[in-house]
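Summary of structural features
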Amino acid sequence: MAGVTDNDAVRPDEAHFRTVMEPFRIHSVEPLRMTTADYRRAKVREAAYNLFQLHADDVLIDLLTDSGTGAMSRDQWAAIQHGDESYAGSPSYFVFRDAVRELFPFEHVIPTHQGRAAERILFQALGGPGKVVPSNTHFDTTRANVEYTGAEALDLVIEEGHDPALVHPFKGNMDVAKLETLLVQRGSDVPCVMMTVTNNSGGGQPVSLENLRAVAEVAHRHGKPLFLDACRFAENAWFIREREPGQGEREVADIVRDMAALADGMTMSAKKDPMGNIGGWLALADDDLAAQCRNLLILTEGFPTYGGLAGRDLEALAQGLREVVSHDYLRYRIRSTAYVADALERLGMPCLKPAGGHAVYVDARALLPHLAPLEFPGQALAVALYELGGIRSCEIGSVMFGRHPDGSQAPAAMELVRLAIPRRTYTQSHMDYVIEVAERVMSVKDDLPGYRIVHEPPQLRHFTARFEPIG
Ligand code: F0G
């Protein structure tokens, strides 16, 4: 029916409506448990000021991650009823495989229980001591899986990607000249090139088609396959549509297919854009590498037609993939993230610019200049957002990155707090509440205490470290 589906042709007439409303209504609800600031102060003290240690029902608005926390649609829940749990050759696998190939036409589609399992398998096959894997910016689990094999994980994001205040349309782009130099100097050590779309560790920033094309050209000229870490591919494609010259009239699904056509394979966390609560995959073109990966899959994930997932999960993901490329959905999604970022900026809370696709990143170093980096300004802000308003966010700064393998400490490059927005889960009034809590935080920011770590594990300390306020 003309004018009823994702029809951009009707938009210009409607430009006078400022509200970009949620393109869905609510079908099933989950209660939020209201709490008081005193209750939350007690709970966060019990949790040793580590927000990962809270019980989730003590959180009002959970912006810890956008991973696996989205709301599934009516049609996804209906698809679950089609799940076939056969160990081998389940029809649900073929539904899933075909939905993946509709957007990413790779010959081999290998399901995994989540993204990091795909990464482990890929780098077990391609990594090893002496190797180096370049990316724009490796996500933590990608980096960890590369390094676990003894290889080096190298970040080659463009210079602009390092400056939180700088506005650039594609801050996730890779520095192509640096990639060329690496391949000239150490080509035989490079098994593949990775590109993270959008670039989560760099602030949810997109990569342009032009940059992807240039990276693919350099990689292929040196005989190297290009793999996408494609968790947020639809958000990336929407940014391309909005920001890249000549792309504004195109279907997002076509832009995604263009991205896929430049690559030789992908790792995927289906807990992000594919709208799943769990899942992932590895897809690739090369037959020999696929055979090797399937053998590794069987060791820990399962038979290649289910790979650690239930048939019902595969069905839900197939449906999620159809939904996420909707223009109405993506317009709302990207606008709702920018809505929060714009409001925080107006309050004077400095954010990484421009707003990312899935999250707003607050620059806690700029916000709390009275705290030294090793007094953990990001942690101070995250604890304040929880105590004052029950909002859970995630420190991405010196708590997460400040401890080196030899036990020494050094400040991280940036002190960020990520407010990651789960897909289709919260409404605009939830976000207005978040903005109001931020306003309250602004009024007390100069008095927020720093934190010291009183106990920490040797690795990945942010999950379990115990903190104490200073003074
Ligand atoms: N790659 C990127 C870019 C990611 O953001 C994540 C997960 C993964 C890979 C790993 O996927 O969790 O399914 O194993 N990011 C989540 C986050 C955890 O909060 O940003 P996974």
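A brief look at the structure comes next. Note that the structure is predicted; figures quoted are calculated from it, not measured.

**Some details on the side chain of histidine 108**
Mapping histidine 108 onto the fold places it in strand S2 (residues 108-112). Within the structure, the side chain of histidine 108 is placed 3.4 Å from the side chain of arginine 294, a separation counted as a polar contact.

**Section: the environment of leucine 126**
Looking at the secondary structure, you find leucine 126 in helix H4 (residues 115-126). Between the C-alpha atom of leucine 126 and that of tyrosine 329, which follows or precedes it by 203 residues, the distance is 37 Å. If sequence neighbours within four positions are ignored, leucine 126 has contacts with Lys131, Pro191, Cys192, Phe227 and Leu289.

**Re the packing of helix H14 (residues 377-389) against helix H16 (residues 428-444)**
Here H14 crosses H16 at 115°, and the two axes come no closer than 9 Å. Once H14 is placed against H16, the crossing between them reads as right-handed. Contacts between H14 and H16 involve Leu381, Ala384, Leu385, Leu388 and Gly389 from the first element and Tyr433, Val437, Ala438, Arg440, Val441 and Val444 from the second. The class makeup of the residues in the contact of H14 with H16 is nine nonpolar, one polar and one charged.

**As for the pattern of salt bridges**
As enumerated under the stated definition, the model contains 32 salt bridges in all. A salt bridge links arginine 331 to aspartate 328; the nearest nitrogen and oxygen atoms lie 3.3 Å apart. With a gap of three residues between them, arginine 331 and aspartate 328 both fall in helix H12 (residues 327-346), about one helical turn apart. Among the residues examined, arginine 331 registers a relative accessible area of 19% and is labelled buried. Among the charged side chains, a network of salt bridges with common partners joins Asp66, Arg232, Glu235, Asp273, Arg333 and Arg423.

**Some points on the sheet that holds S2**
Spatially, the five strands line up as an open sheet ordered S2-S8-S7-S6-S5, and their pairing is mixed. Every other strand in the sheet has two partners, leaving S2 and strand S5 (193-196) as the edge strands with one partner each. Averaged over all adjacent pairs, the angle separating strand axes in this sheet is 15°, with direction ignored. In terms of strand pairing, S2 meets strand S8 (residues 280-284) through five bridges, oriented antiparallel. Considered in S8, the bridge of isoleucine 110 is made with leucine 282.

Cut-offs and rules
- Residues numbered from 1 in each chain as written.
- Predicted model: local features only at pLDDT ≥ 70, side-chain atom pairs only at ≥ 80, totals over all residues.
- Heavy atoms only, no water.
- Helix = DSSP H or I, 4+ residues; strand = E, 2+ residues; numbered from the N terminus.
- Polar contact = N/O pair within 3.5 Å; in protein donor to acceptor, adjacent residues only side chain to side chain.
- Contact = heavy atoms within 4.5 Å.
- Axes fitted to C-alpha atoms, helices over the stretch in contact; angles between N-to-C directions.
- Left-handed = near helix turned anticlockwise from the far one by under 90°.
- Nonpolar A, V, L, I, M, F, W, Y, C, P; charged D, E, K, R; others polar.
- Salt bridge = Lys/Arg side-chain N within 4 Å of Asp/Glu carboxyl O.
- Buried < 20%, exposed > 50% of the residue type's maximum accessible area, 1.4 Å probe, protein only.
- Pairing = 2+ DSSP bridges.

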